[in-house]
Amino acid sequence: MAISRLALPQSPHSNNRRYSGSFMLTNELTRHEMQLQDSQQRPDLKRHGSTAPYVSATVVAEPAQHQTQENDYTKSLARLEFYYLMVKRQILHYQHESLGLYVTDKADAEDGHVRDMIYANAAVWAVSRAYKRIDDDHGRANELGQCAVKCMRGILYCWMNQADLLEKFKNDQIPLFALHSRFRVLDGDPIGDSQYPHLQIDVVALYLLYLTQMIESGLKVIFTMEEVHLVQNLVFYLERAYRIPDFGMWERGDKYNTGNPELHASSIGMAKVALESINGFNLFGEHGASWSVVYADVDAHNRNRTTLETMLPRESSSKNTDASLIPTLSYPCFAVHKPVVFKATMDKMQRKLLGKYGFKRFLRDGFGTVLEDKNRRYYEPAEVKQFDGIECEWPVFFVYLIIDGVFHGDTQQVETFQKLLEPLLKESFDGDVVLPRYYYVPSEFIEAEIANPGSQDRLPSTEDPDGEGEIFVWGQALFIISQLLVEGLIDANELDPLRRYMPAAHRPLKKTRYSSFSTVIPTDLAVQVVLIAESVRLQALLATYGVQTQTPHQIEPIQIWSPKDLTEVYSKLGEEDKLGLSGRPKRPFGPLSTSKIYRVAGETAICYPLFFEMSDFYLSYDQSMLMDDIRTGLAFVASRWKVHGRPTMLCLVREEMVRGQQSAEMLKLLASFRLGDCNGIRVRTGFLQNFLSSSCIEHLDFVVDLSTMKRSFQSFKEIVDPSPVFRSLMDVPRAVSMRNSATHKTLEEYKDRSVHDVIDALNCCESSHGQSYLLAILLRRQGNNFVVDSVNNVTVQQRLESLIRQCATLKKWDVVRYCSALLQKVVASLAPSITTILVRGKQVRVGMFKHEEAIIDKPVTPLQIKQLIYSTCEQHHPSAAVLQQELLLSIGKLVETMPSIFDGMLKIRIGWIVQALTLYLKYSQMDHPDFQEEYIYTLSPFDVQDLLLEVLTLPSLIKQGLDPDTESHKLTPMQRRHLDGCLNRVPRKFYDCFWNILHRCNEGIKVADHLMPQIPTVTDMTLYELNFALKIDALLDRIEHPAYRQLVVELVMVINTILERNPELYFIDPLDTDKFVHAAFERFLKDYRKRDGAADKKEYDIDFFYQQPPQVTGMYLAGAVVDLLLHQEAEYSVQCAADEACCIV
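Note that this is a predicted model, so its numbers are computed, not measured.

Undergrad: Please explain the overall build of the protein as it appears in this structure.
TA: Within the protein, the regular secondary structure consists of 41 helices and 32 strands. Taken over 1145 residues, the protein has a buried fraction of 59%. Taking contacts inside the protein between residues at least 6 apart in sequence as the whole, the part at least 24 apart equals 73%. A total of about 47,400 Å² of accessible surface is found on the protein, and carbon and sulfur atoms cover 51% of it.

What follows is the structure, encoded as structure tokens:
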């Protein structure tokens, strides 16, 4: 064991202490001088592998000076004694005797923050773990361990008293229902919401992480099943972290400190780690029973993981980077093990935030600075600009990186940050080494610091000005942990029993009957596919094509469940009547969860994926869409599977899938499974019974009796007595006549007719369009439950559902969409698709083209999505509400699989995209006079998705002008401008150009008569901030004409080029884009009419300018800019080379 060469002080409270821990505080001899004296005895240290623990820099002397093993043991005890006393004075001194909670801010305070408590508790636990090495520890290992247990149980007690909030938050993730993160230490009462922003996802995640670590180390923290169920509900609290804007680690939300929460990568990363750590974990320890196991949704974990990796290295929309990512990526979470992602994030933090005294929390952070008004909770607009360059620097992040270096065996990193940290440590009133919270710039040095960053000395924060024992508990606890590791008194594996610091492939295999995240995933993972035929006759037909299937009867006693059945079973998980907790919310499961086999109450079941659910949304009626979903689902499962055992996907083959024109494609897909390859994905087909041994088996031991729940199950049933109506499976049913005898004009008269007349017309109508129109009249008058067929007791809703199924078979998609919109259907997986778009740094807008739009800039619930879509679309075009849902689903898939096609599109305006698709269809038909905009509603969902992909992959106008090969699309420049304008697409570095121009416009930039002022835009925001780009897009959104919008984008690029080549130019008056565009158009018309001496008196509108290629428009726009700068019409100023300003009037 490594032994420190520093002696234990004689008195723990001596003011003349020479040494404290691994660092010295003395005027007699500096640490650097002692290192020089000792350098001859220190060997060169080599860096170890990424999974090897750090070897202490303290070495044993030469053989001549070799110390005995007994002496080493004695010194180890002395060092442990030192840290034990240090923990007692600096940490346990603040632990309240009632609940074990810590006072974390001031010695005379009555409250504490949960995050600080957890870190303080981690130091106590670390010293306890160090004493486990000692045979005769005088009971200190148990003493400190019980202190740690008391704190963890105290926090759990506080949250148990808030079970009502926890229950509400599961269904409505708003700050009002968040678990509190600050409590009174005496009785656990929470601090009121009016005083504190409690929604901090990282706090709950950090608690669950340390809870599992401590239980894994052997501590008994959870005692009763009520506590187990509470912890399970904390898991539900975290599962949707990927879509919950919170206030983050710094408790301020966005960087402007205006009280607005936002998505934080650090919070999502910690939630992801907590879910990984606790999934399949037994809270009663290694000897616990099956009912004390905690479950995490693997699909929720996957969404958090992909969201985190997508957001990194960015922290949030307003923070380009943030030091809170350090504990997320390193100790204690180790959330990312991909070297590329880890390096990019850490490098950005060091470039932007690293200083001599520590890391800045984030750019323009005003906390702790002398300029911050401590009496106000929130900042005023543009106030953050004054903090630029004088942000406080926090040395605690040096400690994090010391710990990280020890964990990964990086000796150089440890020594580097040890040296950086040493001069920052201070001596407390009683002589202990303390770590200041931050270092700030004194008021008299602010101007010099801004002029020359890093040049001025900073002062430490005053946690202990009066000797009252005040201390930065969070930082002090981490400092103690770091020195225990550096001195070799504790090993990395002892501090991280779950081996979080190791890549997944290097962690020890967990022996458990419950599914857990796998340590090694094969690169050639095969997805097991089980084909279930709906009937015996269908099975026989498929066998003739070499497709091997089973019927539901042949796989018995294994049951086939729908996703809704599985949701019903999981609703019992975490249910606790004493606490008022209802269990898991009834949210649908994703493809990863449905790829498991479940053992429940002595029965075995398998669940088919959601896209096979017929009653959900009409997309499953489109066979091409269904086939695409199957291929996409297989690829998704193969790439995202992180659980022990192979995934098993159940594919249902219904009779209607092999009827009609698309039967050949479906049979081809099924046959490809037999060949073992589906679009490059390895698959294995066979009997379900043969796959049981290699599948992922999930044991749901929390369910004791299934009999009650199974009464409501809608399991997949085999067709035993096929209907004799169809002579062949290839026959297309004719449930609805193809006749369209009743025109819309004829049916309009029924708007004012009696209900009886409408029902009579409905019974006589053979047209699908006519039936849908008449049903719409009845629906609006009488509601969904009005009975239209008293004999069979058929309601309006049931008749519409039947009409949807019949028209889907006949490919009459306009009727399908209209009827679905009447029933206000919402696809189940819409919320995750929107979240996928948002975390890519984009914003979603739903609504009709040139009408009011609803902005979705943060994840919303399915109910909110439904309200937004139908409120903005229904009054203008009912079918648009469901068409926009189709597009959102398709965009969600494309933005994840092909993100490059969305480059330059910061806002996804669905109504405008529909307009782009409609225009492209019109252009493809050579502007045929009979073309109708309603044509897009007649396309199948798969055709709409293909059309969307085709439009998104078209080259932009600028690329089309540079690359002659792109002319094969045969689109005119005006058509191209219309499409780019509808897609809201801008060129690369457009926002950089706008930023540069805004800096040269004293009065701002005016677009469509709306002014963006220079101040406070450039003072409140930064160039690389996502919110700045969104602000520019909001300005462009005021332009209603797509082609004109794109012309303004071209103008911005032209002006930036001129200003870059002429750095002396700047604008005094507002830069009016409309004025430039119209001036360019007038110049163009003047030259056009003078060409060849022709006197063309024809009147042209600006569409004629849109028809010109970008080289022509760019030339005239540049001419207009120069002309307005240099002639009397422009009231601009040119700064002369001799610094004499000459004003052009």
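Structure's up, so let's keep going.
Undergrad: Hey, could you run me through the packing of aromatic side chains in this one?
TA: Given two aromatic rings, one states the distance between the centres and the angle between the planes to describe the pair. Taken as a whole, this structure holds 42 aromatic pairs when the rule is applied. With a centroid separation of 5.9 Å and an interplanar angle of 75 degrees, the aromatic rings of Phe-367 and Tyr-438 are classed as edge-to-face. Taken together, the residues Phe-367 in the loop between strand E8 (358–360) and strand E9 (393–394) and Tyr-438 in the loop between strand E11 (433–434) and strand E12 (439–440) connect sequence positions 71 residues apart. An angle of 55 degrees between the planes, with centres 6.2 Å apart, marks the rings of Phe-990 and Phe-994 as tilted. Of this pair, Phe-990 and Phe-994 both sit in helix H35 (residues 990–999), four residues apart, roughly one helical turn. Residue Phe-990 shares its accessibility class with Phe-994, and that shared class is buried.

Undergrad: What should I look at first to understand the environment of Val-204 in this one?
TA: Structurally, the position occupied by Val-204 is in helix H6 (residues 201–216). Here Val-204 falls in the buried class, since its relative accessible area comes to 2%. For the pair formed by Val-204 and Ser-181, sequence separation is 23 residues and the distance between their alpha carbons is 8.4 Å. The contacts of Val-204, once residues within four sequence positions are left out, are Trp-159, Leu-179, Leu-234, Tyr-237 and Leu-238.

Undergrad: Please explain unusual backbone geometry as it appears in this structure.
TA: As a rule of thumb, non-glycine residues mostly have phi less than zero, and peptide bonds are mostly trans rather than cis. Cis geometry is adopted by the peptide bond preceding Pro-313, which originates at Leu-312 and carries an omega value of 5 degrees. Across the junction of Tyr-331 and Pro-332, the peptide omega takes the value 10 degrees, indicating a cis bond. Residues other than glycine seldom take positive phi values, yet Gln-824 does so here, at roughly 50 degrees. By the secondary structure assignment, Gln-824 is in the loop between helix H27 (813–822) and helix H28 (830–838). Positive phi, close to 65 degrees, is recorded for Asp-1009, a residue that is not glycine. Along the chain, Asp-1009 turns up in the loop between strand E27 (1005–1007) and strand E28 (1010–1012).

Undergrad: Looking at this structure, I do not really get the sheet that holds strand E14 (residues 527–533). What am I missing?
TA: Strand-to-strand pairing in sheets goes through backbone hydrogen bonds, with the strands running parallel or antiparallel. The sheet built from four strands is open, its strands ordered E18-E14-E20-E19 with mixed pairing. Of all strands in the sheet, those with a lone pairing partner are strand E18 (648–653) and strand E19 (677–678), marking the two edges. Of the pairings in the sheet, the one linking E14 to E18 comprises six bridges and is parallel in character. Bridge pairing in E18 places Leu-531 opposite Cys-651.

Undergrad: Please explain the pattern of salt bridges as it appears in this structure.
TA: Close approach of charged atoms allows side chains with opposite charge to pair. According to the stated counting rule, one finds 49 salt bridges in the structure shown. Asp-111 is paired through a salt bridge with Arg-182; the nearest N and O atoms lie 2.8 Å apart. Separated by 71 residues along the polypeptide, Asp-111 in strand E3 (residues 111–113) and Arg-182 in strand E4 (residues 182–184) bring together distant segments of the chain. Between Lys-825 and Glu-801 there is a salt bridge, with the nearest N and O atoms lying 3.2 Å from each other. Residue Lys-825 is found in the loop between H27 and H28, and its partner Glu-801 is found in helix H26 (residues 796–809); the two are separated by 24 residues along the sequence.

Undergrad: For this particular structure, what's the right way to read the sheet that holds strand E26 (residues 907–909)?
TA: Ordered by their spatial adjacency, three strands build an open sheet running E25-E24-E26, and the pairing between neighbours is mixed. Either end of the sheet is taken by a strand with one partner, and the two such strands are strand E25 (853–856) and E26. Strand after strand, the sheet turns through a mean of 20 degrees between neighbouring axes, direction not considered. Relative to E25, strand E24 (residues 843–847) runs antiparallel, the two sharing four bridges. By the bridge assignment, Val-846 is partnered in E25 with Ala-854.

Cut-off values and rules
- Residues numbered from 1 in each chain as written.
- Predicted model: local features only at pLDDT ≥ 70, side-chain atom pairs only at ≥ 80, totals over all residues.
- Heavy atoms only, no water.
- Helix = DSSP H or I, 4+ residues; strand = E, 2+ residues; numbered from the N terminus.
- Buried < 20%, exposed > 50% of the residue type's maximum accessible area, 1.4 Å probe, protein only.
- Contact = heavy atoms within 4.5 Å.
- Areas by Shrake-Rupley, 256 points an atom, 1.4 Å probe, with all protein chains shown as cover.
- Phe/Tyr/Trp six-rings, centres within 6.5 Å; stacked < 30°, edge-to-face > 60°.
- Pairing = 2+ DSSP bridges.
- Salt bridge = Lys/Arg side-chain N within 4 Å of Asp/Glu carboxyl O.
- Axes fitted to C-alpha atoms, helices over the stretch in contact; angles between N-to-C directions.

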